[in-house]
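Observations on chain architecture
The primary structure of each chain is shown beneath.
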Amino acid sequence: MGETTMGAAVVCGGVMAWLLAERQREVRRARLLLAGGGALAAGPPSWERAVGELRRLRGRLRGEWWALVAGIVLAILAASVIPVLAGAAGVPVLRRLRLARRADRVRQERADAVIALCGALAGEVRAGRQPGEALLRAARDCDGLGEARAAVVAAARFGGDVPGALTTAAHRPGADGLLGLAACWRVAVDQGAGLAAGLDRLDAALRAERDQRADLRAQLSGARATVVLLAALPALGLVLGSAMGADPLRVLLHTGAGLGCLTVGAVFEGAGMWWAARIVRGAEAA
């Protein structure tokens, strides 16, 4: 078991050394290319270069891979391969959480872009422009819509089915407000109703819904903080035990009773986190 741990540590160290060596190779290549253009300025001190290399390495590694690095460090300290396995198992879980946070951020940005589009389109229509030209001007600054903006702009510019393009774009997460815009467009263009008035009501409704979500998110922030705190308590207990000289890592990783307690505790910890996350998601969905 100790040989496996040392082997994993050697592999991790080799990967880090390869990344640093690759970076140094790129720097040397750039210096050789620029050598004929004049004298180069003196580089930063060695400690600054070391800090810079560590920052670049941190930027290259995704956040979830630091769980594996922490597992390797604990494996070296405790002379056990179990932390490495736990760190490797935590990589896909942390990756899923990171992707979920990024998807939620993109969803919020897209919802804000829809609200901005409705407000800008209402202003362009009031300025006396035709709906197609107004949509082209309003969609020019709505970068949060992403690829959906290109389809809507193409339909408005070349006389296509604008409500159909809006309905298709509304299937993207966070862009469901475009369904209301498509309905306003059909009523205004096909039946001659006022487009600006409908856009004002739609903009007010979307803003109210966004404010309600923000208020709910603020109310749930305390619950999320409590979940994180409870999840960190076992690690805090290990730190306190080590500070008191009890050596909890040796008991947990090298004794039968410790392995049993570690297994049961991990199961309860995972179940508690899953249940708490389910409660928070249910509150948000409601």
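Residues numbered from 1 in each chain as written. Predicted model: local features only at pLDDT ≥ 70, side-chain atom pairs only at ≥ 80, totals over all residues. Heavy atoms only, no water.

Details of the overall build of the chain
Applied cut-off: Secondary structure follows DSSP: runs of H or I at least 4 residues long count as helices, runs of E at least 2 residues long count as strands, and numbering of each begins at the N terminus. Per-residue accessibility, obtained with a 1.4 Å probe over protein chains only, is compared with the maximum for each type, and a residue is labelled buried under 20%, exposed over 50%, and partly exposed between these values. In this analysis, two residues are considered to be in contact whenever any of their non-hydrogen atoms come within 4.5 Å of each other. Per-residue and other accessible areas were derived by the Shrake-Rupley procedure at a 1.4 Å probe size, with only the shown protein chains allowed to occlude residues.
Along the chain, the regular secondary structure elements total 11 helices and 0 strands. Shown N-terminal to C-terminal, the secondary structure of the chain runs as helices and strands in the order α-α-α-α-α-α-α-α-α-α-α. Relative to its 286 residues, the chain shows a buried fraction of 26%. Long-range contacts, defined here as pairs at least 24 residues apart, represent 56% of the contacts in the chain between residues at least 6 apart. Total accessible area computed for the chain in this model is approximately 18,100 Å², and 64% of it derives from carbon and sulfur atoms.

A look at the confidence of the model for the chain
Selection criterion: The pLDDT value tells you how sure the predictor is about a given residue, anywhere from 0 up to 100.
Averaged over every residue, the pLDDT of the chain is 77; the share at 70 or more is 76%. Highest mean pLDDT in the chain belongs to helix H4 (residues 82-126) (87); lowest belongs to helix H1 (residues 2-34) (53). Contacts from residues 36-43, a stretch scored under 50 in pLDDT, to residues over four places away or in other chains number 3 contacts.

Some details on the nonpolar core
The cut-off we apply is this: The nonpolar core is taken to be a set of buried Ala, Val, Leu, Ile, Met, Phe, Trp, Tyr and Cys residues, with the residues joined through side-chain atoms within 4.5 Å.
Judged by nonpolar contacts, the single largest core of 36 residues is most densely connected at Leu117, Leu121, Leu135, Leu178 and Leu181. Secondary-structure elements contributing two or more residues to this core are H4, helix H5 (131-138), helix H6 (147-157), helix H7 (162-169), helix H8 (177-191) and helix H9 (195-243). Looking at this core element by element, the count peaks at 8 residues for H4. Ignoring sequence-local partners within four residues, the contact set of Leu135 consists of Leu117, Leu121, Val152, Ala156, Val162 and Trp185.

Examining the pattern of salt bridges
In plain terms, the rule: The term salt bridge refers to a side-chain nitrogen of Lys or Arg lying within 4 Å of a carboxyl oxygen of Asp or Glu.
Scanning the entire structure with this criterion turns up 9 salt bridges. Linking Asp104 and Arg107 is a salt bridge whose minimum nitrogen-to-oxygen distance equals 3.1 Å. Of this pair, Asp104 and Arg107 both sit in helix H4, separated by 3 residues, roughly a single helical turn. Residue classification places Asp104 among the partly exposed positions, given a relative accessible area of 31%. What makes Arg107 partly exposed here is its relative accessible area of 35%. Here Arg250 and Asp247 are joined by a salt bridge, their closest N and O atoms 3.5 Å apart. Overall, Arg250 belongs to the partly exposed group, its relative accessible area being 44%. Judged by its relative accessible area of 36%, Asp247 falls in the partly exposed class. Through salt bridges with shared partners, one network takes in Glu124, Arg129, Glu133 and Arg137.

Re the packing of aromatic side chains
The test is simple: Note on ring pairs: Phe, Tyr and Trp rings are taken, using the six-membered ring of Trp, and paired if centres are within 6.5 Å. Classes follow the plane angle, with under 30 degrees stacked, over 60 edge-to-face and the rest tilted.
A full pass over the atoms with the stated rule returns 1 aromatic pair. Between Trp274 and Trp275 the ring centres are 6.0 Å apart and the planes differ by 50°, which places this aromatic pair in the tilted class. Look at Trp275 and you get partly exposed, because its relative accessible area is 47%.

Points about the side chain of Asp203
In this structure, Asp203 sits in helix H9. A relative accessible area of 13% places Asp203 in the buried class.

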